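Spelled out, the chains give:
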Amino acid sequence: MKKPHILVIGDLMIDHYLWGSCERISPEAPVAVVDIKKETAVLGGAGNVINNLVALDAKVSVIGVVGDDNTGTELKEMLEALKVSTYLNVEYGRQTSKKSRIIASHQQVVRYDKESKNDISFESQDKILEFFDEILATVDIILFSDYGKGTFTYSLTQELIRRANLLNKKVLIDPKGDDYSKYKGAYLLTPNKKEASLATKIKIDSKENLEVAIKKLKNDIQLSLSIITLSEDGIAIYDDKLSIKPTVAKEVFDVTGAGDTVLASLGYMLALGNDIQKSVEFANISAGVVVAKLGSATATLDEIEEYKNSLHQSDLHKSIKSLKEIESISNALKLKNKKIVFTNGCFDILHAGHVTYLQKAKSFGDILILGLNSDSSVKRLKGSTRPINTQMDRAIVLSALSSVDFVVIFNEDTPYELIKAIKPDILVKGGDYEGKEVVGSDIASEVRLVNFVDGKSTTSIINKCLLNE
């Protein structure tokens with residue numbers, strides 16, 4: 001019910017994407033020619049921490065430095081659109097960070113950066129301290145998002161931590177580099193295993209070495225708590241002893257920005273007065289949500305609650321996806337060059353003909369996604385006495401088949417919107433569609449028809465049951 005007030009200080013930047021297709025090599029040099037179709041831009045760096053906090057419905061304030069350039073102006077407008085309180089100093093002659101990525105046919109071709117990475121000026125440092133003093137008393141917690149772009153000089157970082165500690169305000173830091181001395185006195189840091197290994201000069205390849213490294217960080221940097229994120233192994237915590245909270249990620253498609261999510265989630269929970277154990281559990285679940293999405297994603301409170309509930313589902317339920325989920329999954333699969341096959345139907349009473357058909361469909365690609373008509377959709381197509389089995393019963397039975405990777409229930413009479421979201425490589429229908437228009441054929445790269453097994457149908461099974469009554 002409470003909205004914590006969280007202050008983010010960090011390196012602000014824009015992640016810029018140029019999306020296109022590549023069908024030829026340049027005659028001038030052996031390089032791809034990319035035909036750009038669209039451009040998108042999102043907040044990057046500390047901006048992804050801010051996005052995560054906004055998704056959690058926190059009250060957010062931001063302190064940072066931008067250059068006197070068009071990118072700086074664009075960045076300020078993007079922050080204003082999020083309705084966060086901004087305290088930005090414009091440093092003349094500085095170039096605001098912008099990372100541009102060219103994406104061709106779901107594959108990143110090249111990235112080029114425009115930015116200044118030197119330390120911010122003394123004037124900018126003084127302005128940050130001025131902003132900090134103005135807002136410090138009103139915030140619940142402070143997050144530093146260091147991307148090594150010059151904001152966190154040694155003297156500025158130490159002075160910010162000193163002033164925060166005087167008012168008993170916790171400072172959480174996502175660190176950068178291999179010298180953490182400038183972070184001395186913070187509440188906690190959130191390095192990953194590789195970063196912690198570099199900073200401590202300890203190879204973290206066992207639980208024993210993990211404990212030595214995490215304890216060293218706590219003592220050397222004079223932290224209240226020490227944390228190391230362990231990717232698929234969870235998050236390690238050291239207070240007076242080592243504990244590890246295991247990961248809860250079910251599907252990992254993209255780990256981009258997961259560290260930002262952990263920092264934001266920890267800050268959010270600690271700002272609400274939760275202990276570190278509960279806060280880390282929440283951060284683990286939040287990270288589980290975002291790594292199942294593409295790009296630097298965020299997790300809302302509703303998504304986190306839904307994800308938490310889904311952890312108690314059986315493996316059969318885990319293959320049943322919503323439209324939004326399957327769209328994200330499909331995009332991620334395409335980036336991994338997986339060939340997606342799609343088919344659909346009612347599958348009311350599963351029989352040998354269905355199983356044979358689905359096995360054949362799966363053989364055309366790597367992943368088979370099945371669109372399942374909902375109960376209301378089946379009634380419209382088959383009549384008021386159908387379906388025999390409910391949509392969830394049908395979905396569970398289908399998800400148990402080795403040939404079926406994902407099941408998505410749709411309410412419309414045709415799966416066109418679902419096909420549009422998935423954009424499958426191959427669309428599979430029954431042999432009775434020979435010479436007929438197949439819904440979604442304008443989207444899929446290819447349509448394949450599979451003949452049904454003679455004498456096998458749901459209708460014949462129902463008629464047989466009626467005759468035996």
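Note that the structure is a prediction, hence the values are computed from the model and not measured.

### A closer look at the overall build of the protein chain
Argument step 1. Each helix and strand counted, the protein chain has 16 helices and 19 strands in total.
Argument step 2. Going through the 469 residues of the protein chain one by one, you find that 49% of them count as buried.
Argument step 3. Side-chain charges in the protein chain split into 59 positive and 64 negative, and the spacing between the mean points of these groups amounts to 3 Å.

### A word on helix H8 (residues 276-290)
Structurally, the α-helix is built with 3.6 residues per turn, so residues lying three or four positions apart point the same way.
Argument step 1. Its 15 residues give H8 an end-to-end C-alpha distance of 21 Å, which sits within 8% of 21 Å, the value for a rise of 1.5 Å per residue.
Argument step 2. Looking at H8, one finds that the buried residues are Ile276, Ser279, Val280, Phe282, Ala283, Asn284, Ile285, Ser286, Ala287, Gly288, Val289 and Val290.
Argument step 3. At the N-terminal end of H8, a side-chain oxygen is found 3.2 Å from the backbone nitrogen of Gln277, two or three residues along, and the residue is Asp275.

### So, helix H1 (residues 46-55)
Argument step 1. Extensive coverage of H1 is indicated by the burial of 7 of its 10 residues.
Argument step 2. Three or more residues of H1 are buried, namely Ala46, Gly47, Asn48, Val49, Ile50, Asn52 and Leu53.
Argument step 3. Downstream of H1 by one or two residues, Asp57 has phi in the positive range, about 65 degrees.

### Some words on the packing of helix H3 (residues 122-135) against helix H4 (residues 154-166)
Argument step 1. As a packed pair, H3 and H4 sit with axes 11 Å apart at the nearest point and diverge in direction by 15 degrees. Between H3 and H4, the angle is such that the two are roughly parallel. Between H3 and H4 lies a crossing of right-handed hand. Mapping the contact onto sequence places Gln125, Ile128, Leu129, Phe132 and Asp133 in H3 and Ser155, Leu156, Glu159, Leu160, Arg163 and Ala164 in H4.
Argument step 2. Class assignment of the residues belonging to the contact of H3 with H4 gives a composition of 6 nonpolar, 2 polar and 3 charged.

### Quick word on the sheet that holds strand S11 (residues 226-229)
Strands in a sheet are paired, the pairing made by backbone hydrogen bonds, and the direction either parallel or antiparallel.
Argument step 1. If you walk across this open sheet you meet the 3 strands as S11-S12-S13, and the pairing is antiparallel. Of all the strands in the sheet, the pair left with one neighbour each is S11 and strand S13 (242-245). Pairwise comparison of adjacent strand axes, ignoring direction, gives a mean angle of 20 degrees for this sheet.
Argument step 2. When strand S12 (residues 235-238) meets S13, the two strands line up antiparallel, connected through 4 bridges. Directly across from Ile237, in S13, lies its bridge partner Ser243.
Argument step 3. The strands touched by H8 within the sheet are S11, S12 and S13, with S12 carrying the most contacts at an inclination of about 165 degrees.

### What to know about a nonpolar patch on the surface
Argument step 1. On the surface, a cluster of nonpolar side chains totalling about 240 Å² of accessible area is made up of Val109, Val110 and Tyr112.
Argument step 2. Looking at the element boundaries, Val109 is found in strand S7 (residues 107-114).

### Digging into the packing of aromatic side chains
Argument step 1. On inspection of all chains with the given rule, the structure shows 5 aromatic pairs.
Argument step 2. Measuring from ring centre to ring centre gives 5.9 Å for Tyr268 and Phe282, while their planes differ by 20 degrees; the resulting arrangement is stacked. Of this pair, Tyr268 sits in helix H7 (residues 258-271) while Phe282 sits in helix H8, and the two are 14 residues apart along the sequence. Here the two residues Tyr268 and Phe282 agree in accessibility, since each one is buried.
Argument step 3. In this structure, Lys38 packs its charged tip against the face of Trp19, placed 5.7 Å from the ring centre.

### Overview of empty space enclosed by the protein
Argument step 1. Tallied over the entire structure, the rule returns 1 cavity of 30 Å³ or more.
Argument step 2. What the largest cavity holds in volume is close to 100 Å³.
Argument step 3. In this structure, the largest cavity is lined by 13 residues; those nearest its centre are Leu12, Val65, Arg94, Ser97 and Lys149.
Argument step 4. Residue composition of the lining of the largest cavity, grouped by class: 4 nonpolar, 6 polar and 3 charged.

### Some remarks on the pattern of salt bridges
Argument step 1. Throughout the structure, instances matching the rule amount to 20 salt bridges.
Argument step 2. Note that Lys3 is salt-bridged to Asp57, the shortest N-O span being 3.3 Å. Here Lys3 is found in the segment before strand S1 (5-10), whereas its partner Asp57 is found in the loop between H1 and strand S4 (59-67), with 54 residues between them in sequence.
Argument step 3. Asp57 gets classed as partly exposed once you look at its relative accessible area, which sits at 42%.
Argument step 4. In this structure, the salt-bridge partner of Arg163 is Asp133, at a minimum N-O distance of 2.5 Å. Of the two residues, Arg163 sits in helix H4 while Asp133 sits in helix H3, which places them 30 residues apart along the sequence.
Argument step 5. The class for Asp133 is partly exposed, based on a relative accessible area of 45%.

The rules behind each value
- Residues numbered from 1 in each chain as written.
- Predicted model: local features only at pLDDT ≥ 70, side-chain atom pairs only at ≥ 80, totals over all residues.
- Heavy atoms only, no water.
- Helix = DSSP H or I, 4+ residues; strand = E, 2+ residues; numbered from the N terminus.
- Buried < 20%, exposed > 50% of the residue type's maximum accessible area, 1.4 Å probe, protein only.
- Lys, Arg positive; Asp, Glu negative; His and termini not counted.
- Charge placed at Lys NZ, Arg CZ, Asp CG, Glu CD.
- Expected span 1.5 Å × (residues − 1).
- Polar contact = N/O pair within 3.5 Å; in protein donor to acceptor, adjacent residues only side chain to side chain.
- Axes fitted to C-alpha atoms, helices over the stretch in contact; angles between N-to-C directions.
- Parallel < 35°, antiparallel > 145°, perpendicular 65-115°, else oblique.
- Left-handed = near helix turned anticlockwise from the far one by under 90°.
- Contact = heavy atoms within 4.5 Å.
- Nonpolar A, V, L, I, M, F, W, Y, C, P; charged D, E, K, R; others polar.
- Pairing = 2+ DSSP bridges.
- Patch = residues over 30% accessible without salt bridge, like charges linked within 9 Å, V, L, I, M, F, W, Y side chains within 5 Å.
- Areas by Shrake-Rupley, 256 points an atom, 1.4 Å probe, with all protein chains shown as cover.
- Salt bridge = Lys/Arg side-chain N within 4 Å of Asp/Glu carboxyl O.
- Phe/Tyr/Trp six-rings, centres within 6.5 Å; stacked < 30°, edge-to-face > 60°.
- Lys NZ or Arg CZ within 6 Å of the ring centre and 35° of its normal.
- 1 Å grid on protein atoms, 1.4 Å probe; cavity = no way out; pocket = protein on both sides within 12 Å on 5 of 7 lines; lining within 4 Å.
- Points joined across faces, edges and corners; volume = space filled by probe spheres on them.

Everything listed here is a matter of geometry and, on its own, says nothing about what the molecule does.
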